[in-house]
Amino acid sequence: MPTSIVYGANGTGKTNIIEAMEDFREIILAGNILNKEPSHFTNASHANLELIPNVYSKNDEETAFSISFINNSKVFKYGLSARFGKFIDKNYKRTITKEQLFIDDKELFYRDINNGIKLNFKDIKEFISTDFNEQKLDFTLKILKNNLQKTELFLTSGFKSLFSPDLVKDIKKWITYNFIVICSADKFKFVPNMTDADADNKTIIRTKLFDKALKQLGTISTIGHTYDKDTKEVKLVSIVPYENDTIVIPSSIFESLGTIRIANLLPIVANVIYNGKTLIIDEFEASVHPMIIMNIIKIFHDEEINKNGAQLIFNTHNPIFLNNSLFAEPLFRRDEIKFVDKDEDKKNERLIFSVGFWHKQRYSRQKHYGLYEELFY
């Protein structure tokens, strides 16, 4: 599916879903379940993974993460389970209890805290890119069971070094560049690559996308980026016509919050669409006019534009996206709309959420109109 939209009352777990996705992403890239410095994105919980356990849990319950994705025409499924201790227990000795990797429904490895690591050499043979000898398999797995750290991922350590560094490189590359998770979208800033040469030439980086989009919105200025050679800082600036000249003003003191949000959002949306990536974003429509958000959604739904199967997943409270009277056909299919809620005791988040594949499988949005009438009218 090209899109999924998540509804729920405040405090029911919408943001937790997205933060969990980003935590899982950072765990894979770091290769362990230890605390780490926040990434260039905005979720600071990576440095406080002791916040993952449920605040009401009385036991050291397992937390499970899993992801399925398509890369190079293969379906990957990777998951892990871990014990992080009780809520805010920083001294708990964390442990990965299970870990599993499938490619096209073939299990490449299974890790269990009690039984060690199981590898199906027949299935992983085509992915092995080292000189590993099958006769050494049993001995190697015993060594790994005794020496692999309990907080360390087998995927990014033993499996990578002994069996298939190329495969793990591909997985991490997809997680890094194609699985884009943004928490608190109002804090996200797009920063283009600029160098000292740009500063020497006093270059202001602009794009046709910026110019066209902002012109459509009726802004009087043109927005671009400048580079400060001394501080190495890239700034968003507005180029404003003034008398017979133009002046450059920092956008933060000249533009509305909505315009700044659009200027930071459009480049990443364009990148996601062009390269067929998955964008998961919290507070997607904050400070942006709903019609602009609707047009972005329609881009994801347009097969002629979204040729590479890009996906958009976001949280919202806004019921306007469910209003069929605004559109010639429903903006979202019923199976693209998700709801989250809490159990009656208000302790455990109940999640109704799934994200399907949208890979060379096109469908008519119009034929689902009756489903919308059934659900919302």
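Up top is the structure these notes are about.
Residues numbered from 1 in each chain as written. Predicted model: local features only at pLDDT ≥ 70, side-chain atom pairs only at ≥ 80, totals over all residues. Heavy atoms only, no water.

Let us look at the pairing of strand E6 (residues 116–119). Of the pairings in the sheet, the one linking strand E5 (residues 106–112) to E6 comprises four bridges and is antiparallel in character. Its bridge partner being in E6, Phe 109 is matched across the sheet by Leu 119. Connecting E5 to the antiparallel partner E6 that follows it, the hairpin turn spans three residues. (Pairing = 2+ DSSP bridges. Helix = DSSP H or I, 4+ residues; strand = E, 2+ residues; numbered from the N terminus.)

Moving on, we come to helix H5 (residues 165–177). For H5, with 13 residues, the first-to-last C-alpha span of 18 Å sits near the 18 Å given by 1.5 Å per residue. If you check which residues of H5 are buried, you get Leu 167, Val 168, Ile 171, Trp 174 and Ile 175. Projected onto a plane normal to the axis of H5, the buried residues spread over an arc of 125 degrees and lie on a single side. Exposed side of H5, more than 90 degrees from the buried face: Lys 169, Lys 173 and Tyr 177 are the residues found there. (Expected span 1.5 Å × (residues − 1). Buried < 20%, exposed > 50% of the residue type's maximum accessible area, 1.4 Å probe, protein only. Arc of directions from axis to C-beta.)

A word on the environment of Leu 162. Take Leu 162: it is sitting in helix H4 (residues 158–162). The spacing of Leu 162 and Asp 131 is 31 residues in sequence and 8.5 Å in space, taken between C-alpha atoms.

As for its position among the elements, Lys 298 is in helix H9 (residues 290–301). Considered as a pair, Lys 298 and Phe 332 are 34 residues apart in the sequence and their alpha carbons are 9.5 Å apart.

Here three strands make up an open sheet; going across it, the order is E8-E9-E10 and the pairing antiparallel. The sheet terminates laterally at strand E8 (222–228) and strand E10 (245–250), the two strands that pair on one side only. Neighbouring strand axes in the sheet, compared pairwise and without regard to direction, differ in orientation by 40 degrees on average. Pairing between strand E9 (residues 233–242) and E10: six bridges, direction antiparallel. Within E10, the position partnered with Ile 239 by the bridge is Val 248. (Axes fitted to C-alpha atoms, helices over the stretch in contact; angles between N-to-C directions.)

Turning next to the side chain of Thr 95. When you line up the elements, Thr 95 lands in strand E4 (residues 95–103). Given a relative accessible area of 10%, Thr 95 falls into the buried group. A polar contact is formed between the side chain of Thr 95 and the backbone oxygen of Lys 93, at a distance of 3.4 Å. Once residues within four sequence positions are removed from consideration, Thr 95 is found in contact with Ile 33, Ser 81, Ala 82, Arg 83, Ile 113 and Lys 150. (Polar contact = N/O pair within 3.5 Å; in protein donor to acceptor, adjacent residues only side chain to side chain. Contact = heavy atoms within 4.5 Å.)

A few words now on the pattern of salt bridges. Counted by the stated rule, this structure contains eight salt bridges. Residue Lys 106 pairs with Glu 126 through a salt bridge whose shortest N-O separation is 3.9 Å. Of this pair, Lys 106 sits in strand E5 while Glu 126 sits in the loop between helix H2 (121–124) and helix H3 (137–147); the two residues are 20 residues apart in sequence, bridging distant segments of the chain. (Salt bridge = Lys/Arg side-chain N within 4 Å of Asp/Glu carboxyl O.)

Right, let's get into the pairing of E5. Of all seven residues that make up E5, five are buried, and the element is covered over most of its length. Relative to E5, E4 runs antiparallel, the two sharing six bridges. Within the sheet, the bridge partner assigned to Lys 98 lies in E5 and is Asp 112. A loop of two residues connects E4 with E5, the two strands running antiparallel in sequence, and Asp 104 in this loop sits at a positive phi of about 50 degrees.

Interpretation in functional terms is not warranted from these geometric data alone.
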